[in-house]
Amino acid sequence: MKNLKSASVFFLLLFNIYTQGTVIPNPAEVKSASDSVIVLAPGDVQHQEELLLLPLLSRYHYKKINLNDSLSAVIFDNYLKSVDLYRLYFLASDIENFNKSKYQLDNDLKIGRLKPAYDIFNLYLRRLKERQQQIHELLKTEFDFSSEENYMPDRKNENWAKDKSELDEIWRKRIKNEALVEKLNGKDWTKISEILEKRYRNFERRMTQYKPEEVFQLFVNQFSESVDPHTQYFSPITSDNFKMNMSLSLEGIGASLQSEDEYTKVTEIIAGGPAFKSKLLKANDKIISVAQGENGEMVDVIGKNLDDVVKLIRGPKGTTVRLQIIQADAGVNSKPKEIKIVRDKVKLEDKAAKKEVINIDNEGSPFKVGVITLPEFYLDFDAQSRGEKDYRSTARDVKRLIKELKNEKVEGIVLDLRNNGGGSLQEAVDMTGLFIKEGPVVQVRDSDGSIDVGRDSDPDISYDGPLAVLVNKFSASASEIFAAAIQDYKRGVIVGEQTYGKGTVQNLIDLNHFSKSNGEKLGQLKITIAKFYRINGGSTQRLGVMPELKFPSPVDTTYFGESSEPSALAWDQIPPGDYTIFNKIGNAIPKLIVRHEQRMKTNPLLISYTDEVKEYIDAREKKEVSLNETKRKKERDEEEEKKFNRLNERRHLQGLKLINKGEVEPKDEKSDPVLKETANIVADLFTFTSGRTTAK
């Protein structure tokens with residue numbers, strides 16, 4: 001079997017991109033200093049933890065930390081974003097006053113002084129309470145939706161309001177926009193005002209129940225994430241809730257969630273779960289309402305505490321939950337979409353590798369192409385530790401599927417790693433070994449510069465025929481290591497989109513091990529300790545894996561992917577490993593690209609796909625929406641009509657039955673032009689490397 005040194009290090013939270021999901025604790029009530037204003041202050045535990053964090057980061061983090069004025073400014077800016085992301089509460093004068101501590105936070109952190117962070121949060125709570133009164137007044141009278149004015153929902157990069165009157169106007173438009181959305185969804189003014197009043201009361205209640213340790217977590221994470229985005233502090237409550245949520249995360253719909261502003265956002269779809277199998281919910285979708293069963297009333301969850309939202313979504317196996325969502329790739333004017341998911345538990349077999357055979361016509365010749373879909377790199381640790389001979393693992397399952405596909409006489413194989421966020425590194429190494437003779441697969445460098453090499457030491461090859469690895473922006477970590485190795489050995493071609501680019505290793509440190517406290521429980525620190533490198537010496541960090549044959553991507557890399565994180569560790573390289581290129585693609589790449597690009601321009605299904613991606617991008621780039629009801633309804637109806645026509649156009653090209661408005665596309669009939677084109681690429685690769693002549 002293959003071998004990997006220091007495996008215990010690699011398996012500790014190695015590829016969990018979603019670890020920031022479901023970590024907001026259920027805040028308990030905080031006593032206020034007066035009837036109107038809540039005042040929070042750090043306790044002894046927070047001071048003790050803060051004094052522990054800097055030495056631990058300095059000693060164990062992969063990056064050498066220089067806590068100076070420059071980093072202080074970054075921490076300051078990030079903390080303001082975490083408190084008031086859309087610049088809806090603070091005034092320019094508040095920011096000017098805060099700026100006094102902008103270059104002082106580094107000194108404060110060194111001595112355990114936390115007062116500036118709490119001062120900022122306490123003022124935010126006061127501004128929140130003041131704003132609640134304006135919302136109450138605005139909702140007393142129905143808005144005039146016939147006037148011509150626009151609203152910009154995303155204010156992250158706008159200037160801070162110069163005074164209260166300017167901020168009042170921003171909020172008037174914000175509430176009017178939310179009211180118009182509800183009106184276009186068929187609600188009358190009485191119901192609209194009730195929904196919005198309750199929504200913002202819920203949000204105010206949630207924020208004013210914050211505890212001192214939650215503010216500490218919020219601030220310290222802006223410090224740790226200013227060093228790198230995967231270094232994170234978990235308070236004691238958060239640590240306990242995280243462990244509980246991980247044990248329960250396979251119950252319900254199979255999705256990890258987190259709070260973002262007033263919204264509940266999907267951070268990860270768990271492979272093999274109900275949401276994954278439904279193909280209706282995706283990462284970065286926002287959940288705005290939840291209903292029980294087929295006919296239950298939708299409950300607005302904007303502004304609700306995350307735990308309350310999770311309780312609504314969870315339920316007994318076999319029951320139905322309906323969600324109203326704002327899709328991640330939808331524009332600012334898009335209509336919310338209602339989806340239905342039947343709750344279930346995620347079983348290992350549901351997330352296991354699966355195969356199918358695609359029969360295609362390539363340049364006039366028939367081809368059989370095998371497809372192995374792999375949602376994640378899994379290993380049944382419990383069964384393995386019990387000594388069971390037939391324990392489930394990625395490499396074992398894929399090896400079996402390869403044998404079955406070879407018996408079915410396929411002429412090439414596609415490994416579909418789209419949306420595969422990672423998993424077991426050892427399985428990625430072992431699976432690579434199914435396609436190469438032997439040699440290094442991945443290099444891991446620690447902070448001291450020492451390098452461990454993950455190797456395939458098994459000379460057996462399960463499959464040596466034409467191979468394509470299909471990836472997208474959601475393919476990360478172990479997926480990137482596998483794809484990079486296949487690319488470096490020239491064993492197959494990489495197809496799809498540039499991958500996520502997470503090339504770092506994290507470990508958990510329990511602060512209680514370093515504490516001299518009198519029994520007070522401390523939190524944990526997730527810290528980046530190492531970096532991944534390809535066998536060619538390049539890092540997968542930030543850059544990910546670049547496919548040789550590309551598809552247009554609907555994902556905005558400005559906001560998603562490792563390169564979108566300002567503090568992400570840099571790309572660099574080390575000496576290459578000692579490996580022999582296993583060239584099974586010859587000089588086929590240029591010819592593959594020519595054929596692929598020809599089909600992208602001439603194949604009606606691929607043209608439709610490209611147009612659809614362009615429409616997503618155009619809708620996403622629209623920054624303002626009209627607050628005129630007639631104009632807004634016309635724009636939204638046109639967008640919905642375009643989407644509906646595009647869906648039926650695609651189904652027509654696939655020879656599938658057209659659907660009526662309001663019907664949901666059957667999940668087992670969803671066309672996948674990207675997968676079909678990848679099968680054509682494999683057929684091309686077979687032709688160019690085998691000498692077979694295609695019919696004309």
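Our subject in this report is the structure included herewith. Note that the structure is a prediction, hence the values are computed from the model and not measured.

## Here's the deal with the overall build of the protein chain
Looking only at helices and strands, the protein chain has 20 helices and 22 strands in total. The globule rule puts the C-alpha radius of gyration for 696 residues at 26 Å, and the 27 Å found for the protein chain is close to it. Of all 696 residues assigned to the protein chain, the portion counted as buried reaches 55%. Within the protein chain, residue pairs in contact and separated by at least 24 positions form 77% of the contacts whose partners lie at least 6 positions apart. Carbon together with sulfur atoms contributes 49% to the accessible area of the protein chain, which is approximately 30400 Å² in total.

## A word on empty space enclosed by the protein
The tally for this structure, following the rule as stated, stands at one cavity of 30 Å³ or more. In this structure, the largest cavity encloses a volume near 40 Å³. If you trace the largest cavity, you find it lined by Ile325, Ile326, Gln327, Ala330, Ser334, Lys335 and Pro336. Among the residues forming the lining of the largest cavity, the class breakdown is four nonpolar, two polar and one charged.

## Focus: the packing of aromatic side chains
Scanning the entire structure with this criterion turns up 18 aromatic pairs. Taken together, a centroid distance of 6.3 Å and an interplanar angle of 50° make the contact between Phe90 and Trp160 tilted. Of this pair, Phe90 sits in the loop between helix H3 (69-83) and helix H4 (92-98) while Trp160 sits in the loop between strand S2 (150-151) and helix H7 (164-184), and the two are 70 residues apart along the sequence. Here the two residues Phe90 and Trp160 agree in accessibility, since each one is buried. Three or more aromatic residues joined by ring pairs form one cluster here, namely Tyr89, Phe90, Phe98, Phe121, Tyr124, Trp160, Trp171, Tyr200 and Tyr210. One residue, Arg174, lies across the ring of Trp171, its end atom 5.1 Å from the ring centre. Cation over ring: Arg396 sits above Tyr391, and NZ or CZ is 3.8 Å from the ring centre.

## Examining the packing of helix H6 (residues 115-138) against helix H8 (residues 189-208)
Packing of H6 against H8 brings their axes to within 10 Å, and their N-to-C directions diverge by 170°. Considering the angle they form, H6 stands roughly antiparallel to H8. As H6 packs across H8, the resulting crossing turns out to be left-handed. Here H6 contributes Phe121, Tyr124, Leu125, Leu128, Lys129, Gln132, Ile135, His136 and Leu138 to the contact with H8, which in turn contributes Trp189, Glu197, Tyr200, Arg201, Phe203, Glu204, Met207 and Thr208. Residues of the contact of H6 with H8, tallied by class, amount to ten nonpolar, three polar and four charged.

## As for the pairing of strand S16 (residues 451-456)
Of the two faces of S16, only one is covered, namely that formed by Asp452, Gly454 and Asp456; the face formed by Ile451, Val453 and Arg455 stays uncovered. Sheet topology note: the strand S15 (residues 439-446)/S16 ladder contains six bridges and is antiparallel. Looking at the pairing, Gln443 lines up with Val453 of S16. Linking two consecutive strands that pair antiparallel, namely S15 and S16, is a turn of four residues; a positive phi of about 95° is found at Gly449 within it.

## Things to note about the side chain of Asn305
Counting through the fold element by element, Asn305 comes out in the loop between strand S8 (299-300) and helix H12 (306-313). Here the side chain of Asn305 touches Asp307 through a polar contact of 2.8 Å, landing on its backbone nitrogen.

## A word on H7
One turn of an α-helix holds 3.6 residues; hence residues three or four places apart share an orientation. In a regular helix each residue adds 1.5 Å, so 21 residues correspond to 30 Å; H7 covers 30 Å between its end C-alpha atoms and thus fits that length. Every buried residue of H7 is listed here: Leu167, Ile170, Trp171, Arg174, Ile175, Lys176, Asn177, Glu178, Ala179, Leu180, Glu182 and Leu184. Contacts made by the buried residues of H7 are with H6, S2, H8, strand S22 (625-626) and helix H19 (629-653).

## Comments concerning the nonpolar core
Within the largest apolar cluster, 80 residues are counted, with the highest numbers of intra-cluster contacts made by Phe90, Phe121 and Tyr124. Of the residues forming this core, the biggest block, ten residues, is contributed by H6. Those residues within four positions of Phe90 in sequence are excluded, and the remaining contacts are Leu80, Val83, Asp84, Ile95, Phe98, Ile120, Leu123, Tyr124, Arg127, Trp160, Ala161 and Leu167. Of all hydrophobic cores here, the second largest spans 29 residues; its members include Ile402, Leu405, Val410 and Phe482.

## Comments concerning the sheet that holds strand S12 (residues 354-362)
With mixed pairing, six strands are arranged side by side in an open sheet as S12-S13-S14-S17-S18-S21. Strands at the two margins of the open sheet, each flanked by one partner only, are S12 and strand S21 (549-550). Summarising the sheet, strand S14 (residues 413-416) and strand S17 (residues 467-471) pair through four bridges and their orientation is parallel. Among the inter-strand pairings, Ile413 is bridged to a residue of S17, identified as Leu467. Of the strands in this sheet, S12, strand S13 (365-373), S14, S17, strand S18 (493-496) and S21 touch helix H20 (residues 673-690), which is tilted by about 70° from S12.

## Side note on the pattern of salt bridges
This structure, assessed with the given rule, holds 50 salt bridges. Note that Asp397 is salt-bridged to Arg392, the shortest N-O span being 3.0 Å. A relative accessible area of 5% places Asp397 in the buried class. Three or more residues are tied together by salt bridges with common partners; here these are Arg174, Glu178, Glu182, Lys187, Arg199 and Asp300.

## Some points on helix H2 (residues 44-60)
Between its terminal C-alpha atoms H2 stretches 25 Å, which fits the 24 Å expected from 17 residues at 1.5 Å a residue. Within H2 the residues assigned to the buried category are Val45, Gln46, Glu49, Glu50, Leu52, Leu53, Leu54, Leu56 and Leu57.

## What to know about the packing of H3 against helix H9 (residues 212-227)
Where H3 meets H9, the axes come as close as 9 Å, and the angle between the chain directions of the two elements is 135°. Considering the angle they form, H3 stands oblique to H9. Here H3 and H9 pass one another in a crossing that is right-handed. Contacts between H3 and H9 involve Leu71, Val74, Ile75, Asn78, Tyr79, Ser82 and Val83 from the first element and Val215, Leu218, Phe219, Gln222, Phe223 and Ser226 from the second. Class assignment for the residues of the contact of H3 with H9 results in nine nonpolar, four polar and no charged.

Each value, and the rule that gives it
- Residues numbered from 1 in each chain as written.
- Predicted model: local features only at pLDDT ≥ 70, side-chain atom pairs only at ≥ 80, totals over all residues.
- Heavy atoms only, no water.
- Helix = DSSP H or I, 4+ residues; strand = E, 2+ residues; numbered from the N terminus.
- Rg over C-alpha atoms; globule rule 2.2 N^0.38 Å.
- Buried < 20%, exposed > 50% of the residue type's maximum accessible area, 1.4 Å probe, protein only.
- Contact = heavy atoms within 4.5 Å.
- Areas by Shrake-Rupley, 256 points an atom, 1.4 Å probe, with all protein chains shown as cover.
- 1 Å grid on protein atoms, 1.4 Å probe; cavity = no way out; pocket = protein on both sides within 12 Å on 5 of 7 lines; lining within 4 Å.
- Points joined across faces, edges and corners; volume = space filled by probe spheres on them.
- Nonpolar A, V, L, I, M, F, W, Y, C, P; charged D, E, K, R; others polar.
- Phe/Tyr/Trp six-rings, centres within 6.5 Å; stacked < 30°, edge-to-face > 60°.
- Lys NZ or Arg CZ within 6 Å of the ring centre and 35° of its normal.
- Axes fitted to C-alpha atoms, helices over the stretch in contact; angles between N-to-C directions.
- Parallel < 35°, antiparallel > 145°, perpendicular 65-115°, else oblique.
- Left-handed = near helix turned anticlockwise from the far one by under 90°.
- Pairing = 2+ DSSP bridges.
- Polar contact = N/O pair within 3.5 Å; in protein donor to acceptor, adjacent residues only side chain to side chain.
- Expected span 1.5 Å × (residues − 1).
- Core = buried A, V, L, I, M, F, W, Y, C linked by side-chain atoms within 4.5 Å.
- Salt bridge = Lys/Arg side-chain N within 4 Å of Asp/Glu carboxyl O.

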